[in-house]
Amino acid sequence: LIGTEAFRDCSSLTNISIPRGINSISIYVFYGCSSLTCVNIPKSLEWIGIGAFLHCDNLSDIYYEGSEEEWNGISRLTDELDSVTVHYNYSDAQQPDEPDIPQDPGITETPDGVYPVEGGNIYYDMEGVITDSDTSVVIDEIPYTVDGIKVTAIGAGAFEGCTNLTELTVPDGV
C-alpha cells in the first residue's frame, strides 16, 4: 500500500517505479508532482485512488504490465490522464531506466526509528511503515530494510513536500 498523499508536492520527482505486489495507490498519492513524466505500474495494481495523478502536468507516459482491458478495470482517472499515453503489456525488461532493487543494503543501527539518508532522515515505525521524512531528503530508492526491519508500507504523507526527489523506486513487498 502506498498511503494517502505519500508523495504529494514532490515537485522534482520525474519517474517512479511501483513494484509488483502493490495492489492499491491511495488518493492524492502523487498530487502536485509537477515534474513527473513517467510511471511504471505492475499488473498487480487493482485500485488507483481519486486524485492520484492530479496536477502532474508533465506526466506523459504510464508503462503498465497488464492489458488495456485490465487497465480500464482499475483506472477511473479519465480527466487526470487525458494527455497521458498508457503503454500496455510492458514487462520490467521493457520499462525504461528501471533501476535494480536492493535485497538487503546492510543498514546500520540508528535509534528511535530514524534512518539517515542524503539530505535528512526517513522516519519509520516498528512494523516497517515509513511514516515521515525530512522535506530535504535526496534518495532514488526507498530502502528494502531500515535497521533490520523490512519496509512494508509507505504511510500517508511520508514524503509530502520532498522537492529534492527526482526518481524513486519502491522496494518489492511494500
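See the structure printed just above.
The present account deals with the structure reproduced in this document. (Residues numbered from 1 in each chain as written. Predicted model: local features only at pLDDT ≥ 70, side-chain atom pairs only at ≥ 80, totals over all residues. Heavy atoms only, no water.)

1. Description of the overall build of the protein chain
Right, so step 1: When you go through the protein chain residue by residue, the secondary structure sums to one helix and 13 strands.
Right, so step 2: Listed by position from the N terminus, the elements making up the protein chain come as β-β-β-β-β-α-β-β-β-β-β-β-β-β.
Right, so step 3: Out of the 174 residues in the protein chain, the part that is buried amounts to 48%.
Right, so step 4: Of the contacts made within the protein chain by residues no fewer than 6 positions apart, 51% connect residues no fewer than 24 positions apart.
Right, so step 5: Carbon and sulfur atoms make up 46% of the accessible area of the protein chain, which totals about 7,800 Å². (Helix = DSSP H or I, 4+ residues; strand = E, 2+ residues; numbered from the N terminus. Buried < 20%, exposed > 50% of the residue type's maximum accessible area, 1.4 Å probe, protein only. Contact = heavy atoms within 4.5 Å. Areas by Shrake-Rupley, 256 points an atom, 1.4 Å probe, with all protein chains shown as cover.)

2. Focus on the sheet that holds strand S9 (residues 129-133)
Right, so step 1: Here we have four strands laid out as an open sheet, ordered S7-S8-S9-S12, and mixed in their pairing. Pairing within the sheet leaves two strands with one partner each, and these edge strands are strand S7 (114-117) and strand S12 (153-154).
Right, so step 2: Bridging between S9 and S12 involves two bridges; their strand directions are parallel. Opposite Val129, over in S12, you have Ala153 as the bridge partner. (Pairing = 2+ DSSP bridges.)

3. Some points on the packing of aromatic side chains
Right, so step 1: Per the counting criterion, the structure on display carries six aromatic pairs.
Right, so step 2: Ring geometry for Tyr28 against Tyr31: centres 5.7 Å apart, planes inclined by 75°, an arrangement best described as edge-to-face.
Right, so step 3: On the accessibility criterion, Tyr28 (28% relative accessible area) is partly exposed.
Right, so step 4: Between the aromatic rings of Tyr63 and Tyr90, the centroid separation amounts to 5.0 Å while the plane-to-plane angle is 75°, which identifies the pairing as edge-to-face. In this pair, Tyr63 is assigned in strand S5 (residues 61-64) and Tyr90 in the loop between strand S6 (85-87) and S7, connecting sequence segments 27 residues apart.
Right, so step 5: The structure contains a cluster of three or more aromatic residues connected by ring pairs, namely Phe7, Phe30, Phe53 and Phe159. (Phe/Tyr/Trp six-rings, centres within 6.5 Å; stacked < 30°, edge-to-face > 60°.)

4. Some remarks on the pattern of salt bridges
Right, so step 1: Summed over all chains, the structure comprises four salt bridges.
Right, so step 2: Arg8 is the salt-bridge partner of Glu5, the closest N and O atoms lying 3.0 Å from each other.
Right, so step 3: Arg20 serves as the salt-bridge partner of Glu65, at 2.4 Å between the closest nitrogen and oxygen. With Glu65 in the loop between S5 and helix H1 (68-74) and Arg20 in the loop between strand S1 (15-17) and strand S2 (24-25), this pair connects stretches of sequence that are 45 residues apart.
Right, so step 4: One network of salt bridges, with partners in common, ties together Glu5, Arg8 and Asp9. (Salt bridge = Lys/Arg side-chain N within 4 Å of Asp/Glu carboxyl O.)

5. Quick notes on the side chain of Glu80
Right, so step 1: For Glu80, the location among the structural elements is in the loop between H1 and S6.
Right, so step 2: Reaching out from Glu80, the side chain makes a polar contact with the backbone nitrogen of Ala52 at a distance of 3.4 Å.
Right, so step 3: In terms of polar contacts, Glu80 uses its side chain to reach the backbone amide nitrogen of Leu54, at 3.2 Å.
Right, so step 4: Aside from chain neighbours lying at most four places away, what touches Glu80 is Ile50, Gly51, Ala52, Phe53 and Leu54. (Polar contact = N/O pair within 3.5 Å; in protein donor to acceptor, adjacent residues only side chain to side chain.)

6. Side note on the nonpolar core
Right, so step 1: Core analysis: the biggest nonpolar cluster contains 47 residues, and Phe7, Phe30 and Phe159 have the highest contact counts within it.
Right, so step 2: At the level of secondary structure, the elements contributing two or more residues to this core comprise strand S3 (38-41), S5, H1, S7 and strand S8 (120-124). (Core = buried A, V, L, I, M, F, W, Y, C linked by side-chain atoms within 4.5 Å.)

Function cannot be inferred from these measures alone, as they are strictly geometric.
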